[in-house]
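# Chains, contacts and geometry: an overview
For reference, the chains in residue letters:
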Amino acid sequence: MAAASVSQALEQLKMNGVRMTPQRHAILSYLMGVKSHPTADEIYKALSPNFPSMSVATIYNNLRLFVDAGFVRELTYGDDSSRFDADLSDHYHAICKHCGQIVDFHYPPLLDVEQAASNITGFVVEGHRMEIYGVCSDCSVKQ
Ligand code: ZN
Ligand code: MN
């Protein structure tokens, strides 16, 4: 289920016995506020000015915790380091093979594929995944 806000997510973590820290709050707020699907390194670069003692390992461990709690999706496209997405709504990703940027898009008609698959195979369909690969508009301008 999607956590609608940072405070709701934090409240839920607290109920699961996870202690809240300023760092934890900062990581989750940052992730919920960006559309860039950052890596742990990128989150580190963004937050380290405010949290000089925080390590990349701390960020990674917290991300792991958020993923396990279901607040954050881990994206493992290609062989680069994982990217993280706090937007849990049904959406797809277009991935640039040059710069690695991931852009969100929605395409509800694809749900018809699940119905078709169910009709053809007799499966009880629970979900599907799809990624689009190509060159983003920034990179194609530079080429
Ligand atoms: Zn690109
Ligand atoms: Mn996304």
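Residues numbered from 1 in each chain as written. Chains lettered and ligands numbered in written order. Predicted model: local features only at pLDDT ≥ 70, side-chain atom pairs only at ≥ 80, totals over all residues. Heavy atoms only, no water.

### With respect to the overall build of the chain
As a reminder, the rule being used: Going along the chain from the N terminus, every DSSP run of H or I of four or more residues is numbered as a helix, and every run of E of two or more is numbered as a strand. Between buried and exposed lies partly exposed: a residue is buried under 20% and exposed over 50% of the maximum accessible area for its type, with that area taken using a 1.4 Å probe on protein chains only. Between two residues, a contact is recorded if the distance between any of their heavy atoms is within 4.5 Å. Surface exposure here means Shrake-Rupley accessible area, sampled with a 1.4 Å probe, where a residue is shielded only by the protein chains that are shown.
Along the backbone of the chain there are six helices and five strands. When the helices and strands of the chain are listed from N to C terminus, the series reads α-α-α-α-β-β-β-β-α-β-α. With the C-alpha coordinates aligned to their principal axes, the bounding extent of the chain is approximately 55 × 45 × 25 Å. When burial is assessed residue by residue, the chain has 31% of its 143 residues classed as buried. In the chain, of all internal contacts separated by at least 6 residues, the share reaching a separation of at least 24 is 47%. A total accessible area of about 9000 Å² is found for the chain, and carbon and sulfur atoms account for 54% of it.

### Observations regarding the coordination of the manganese ion (ligand 2)
Note the cut-off: We call an atom a donor if it is N, O or S and sits within 2.8 Å of the metal, or 3.2 Å for Na, K and Ca. Water is not counted, so some sites may look partial.
In this structure, His-37 (NE2), Asp-85 (OD), His-91 (NE2), His-93 (NE2) and Asp-104 (OD) serve as the protein donors to the manganese ion (ligand 2), at separations of 2.1 to 2.3 Å. In the primary structure, the donors to the manganese ion (ligand 2) are separated according to the pattern H-x47-D-x5-H-x1-H-x10-D. One end of the pair, His-37, is in the loop between α2 (22-33) and α3 (40-47); the other, Asp-104, is in strand β4 (residues 102-105), and 67 residues separate them in sequence. According to the relative accessible area criterion, His-37 is buried, its value standing at 2%.

### Here's the deal with the nonpolar core
Convention followed: Put simply, a nonpolar core is a bunch of buried Ala, Val, Leu, Ile, Met, Phe, Trp, Tyr and Cys residues held in one set by side-chain atoms that sit within 4.5 Å of each other.
Among the nonpolar cores identified, the biggest contains 21 residues, and Ile-27, Leu-31, Ile-43, Leu-47, Ile-59, Leu-63 and Val-72 are the most heavily contacted of them. Secondary structure elements with two or more residues in this core: α1 (6-15), α2, α3 and α4 (56-69).

### A word on the coordination of the zinc ion (ligand 1)
To keep it simple, the criterion reads: Every geometry call rests on angle ranges, with four donors termed tetrahedral when all angles are between 85 and 135 degrees, four termed square planar and six termed octahedral when opposite donors are over 155 degrees apart and all others are between 65 and 115, and everything else termed irregular.
Taken together, Cys-96 (SG), Cys-99 (SG), Cys-136 (SG) and Cys-139 (SG) make up the full set of protein donors to the zinc ion (ligand 1), lying 2.3 Å away. Coordination at the zinc ion (ligand 1) is tetrahedral, judged from the four donor atoms that bind it and the angles of 104 to 113° they form at the metal. Mapped onto the sequence, the residues coordinating the zinc ion (ligand 1) show the spacing C-x2-C-x36-C-x2-C. Of this pair, Cys-99 sits in the loop between β3 (92-96) and β4 while Cys-139 sits in helix α6 (residues 137-142), and the two are 40 residues apart along the sequence. The partly exposed category is assigned to Cys-99, whose relative accessible area is 41%. For Cys-139, a relative accessible area of 10% corresponds to the buried category.

### Some thoughts on the sheet that holds β4
The cut-off we apply is this: By this definition, two strands are paired if DSSP reports at least two bridges between them. Angles run from 0 to 180 degrees between N-to-C directions of axes, and those axes are lines fitted to C-alpha atoms, restricted for helices to the stretch in contact.
Spatially, β4-β3-β5 is the arrangement adopted by the three strands of the open sheet, whose pairing is mixed. Edge positions in the sheet fall to β4 and β5 (131-134), since each has one partner strand and no second. Averaged over all pairs of adjacent strands, the angle between their axes in this sheet comes to 25°, without regard to strand direction.

### A few points about the domain arrangement of the chain
Counted only if it meets this: For each domain, the first and last residues come from an automatic or database assignment. By definition, the buried area sums, over both parts, the 1.4 Å-probe accessible area that each loses when the two are put together. We define a salt bridge as a contact between a side-chain nitrogen of Lys or Arg and a carboxyl oxygen of Asp or Glu at a distance within 4 Å.
Each domain of the chain was delimited in the assignment, giving domain 1 (6-85) and domain 2 (92-142). The gap between the C-alpha centroids of domain 1 and domain 2 is 24 Å. For the pairing of domain 1 and domain 2, the buried interface totals around 670 Å² over both sides, and the portion due to carbon and sulfur atoms is 52%. Contact with domain 2 buries surface across domain 1, with His-37, Tyr-77 and Arg-83 losing the most and accounting together for 72% of the total. Between domain 1 and domain 2 we count one salt bridge in total.

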